[in-house]
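Okay, here's what each chain looks like letter by letter:
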Amino acid sequence: VLNLVGSALFLIALGVLYGITGTLNMVDMGRRIALLEADEAALASAGALLLVVVFSLKAAILPLYFWLPATYASAPAPVAALFAIMTKVGLYALLRVQTLVFADSPSAAFINAWLWWGGLAT
């Protein structure tokens, strides 16, 4: 259920960002987001925050880490190994999207601060 909710939010965020920028190429999207008008920039920030929530859920960053301890304890060894890899993929996706797409967006300072403190607390 948690994965389904995360995937649905991911699709919504991508739909919003594609609707505003007209591309899914991360470098091109970053360039276009830097040139957006104020009203479109607010919508892009909402898409950015949705992506941060989704990838934080996948990376099990505080406060979205509640699923991880029980999952590791009850999963068979191969599945737990897969979860260990997937949390790193979520973290990689967070860093990649933040540095390529939203580095010049108005929400960058908030996202950077949240990632720093969320990662430290986790």
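The structure this text deals with has already been given above.
Residues numbered from 1 in each chain as written. Predicted model: local features only at pLDDT ≥ 70, side-chain atom pairs only at ≥ 80, totals over all residues. Heavy atoms only, no water.

Enquirer: Explanation requested: helix α2 (residues 26–34) in the structure shown.
Expert: Owing to its 3.6 residues per turn, the α-helix brings residues three or four apart onto one side. Of all the positions in α2, only M29, G30 and I33 are classed as buried. Projected down its long axis, α2 carries its buried residues within an arc of 105 degrees, all on one side. Turning to α2, the residues buried within the fold contact α1 (2–21), α3 (38–59) and α5 (77–100). The backbone nitrogen of V27 lies 3.0 Å from a side-chain oxygen of the residue at the head of α2, namely N25. (Buried < 20%, exposed > 50% of the residue type's maximum accessible area, 1.4 Å probe, protein only. Helix = DSSP H or I, 4+ residues; strand = E, 2+ residues; numbered from the N terminus. Arc of directions from axis to C-beta. Contact = heavy atoms within 4.5 Å. Polar contact = N/O pair within 3.5 Å; in protein donor to acceptor, adjacent residues only side chain to side chain.)

Enquirer: Honestly, the nonpolar core in this entry has me stumped. Any pointers?
Expert: Among the nonpolar cores identified, the biggest contains 22 residues, and L17, I33, L51, F55 and F102 are the most heavily contacted of them. Looking at this core, the elements that each hand over two or more residues are α1, α2, α3, α5 and α6 (108–121). Tallying contributions element by element places α3 first for this core, with eight residues. Setting aside its immediate chain neighbours within four residues, F102 contacts L17, I33, A44, A48, L51, V97 and A108. One finds L57, A60, W67 and L68 within the second-largest nonpolar core, a separate group that totals five residues. (Core = buried A, V, L, I, M, F, W, Y, C linked by side-chain atoms within 4.5 Å.)

Enquirer: Explain the packing of α2 against α5 to me, please; I cannot follow it from the model alone.
Expert: Geometry of a packed helix pair, given as the angle between the helix axes and the separation of the axes. Orientation of α2 relative to α5, taken along the N-to-C sense of each, is 45 degrees, at an axis distance of 8 Å. With respect to α5, the axis of α2 lies oblique. Contacts from M26, V27 and G30 of α2 reach α5 at R96, V97 and L100. Residues that form the contact of α2 with α5 fall into these classes: four nonpolar, one polar and one charged. (Axes fitted to C-alpha atoms, helices over the stretch in contact; angles between N-to-C directions. Parallel < 35°, antiparallel > 145°, perpendicular 65-115°, else oblique. Nonpolar A, V, L, I, M, F, W, Y, C, P; charged D, E, K, R; others polar.)

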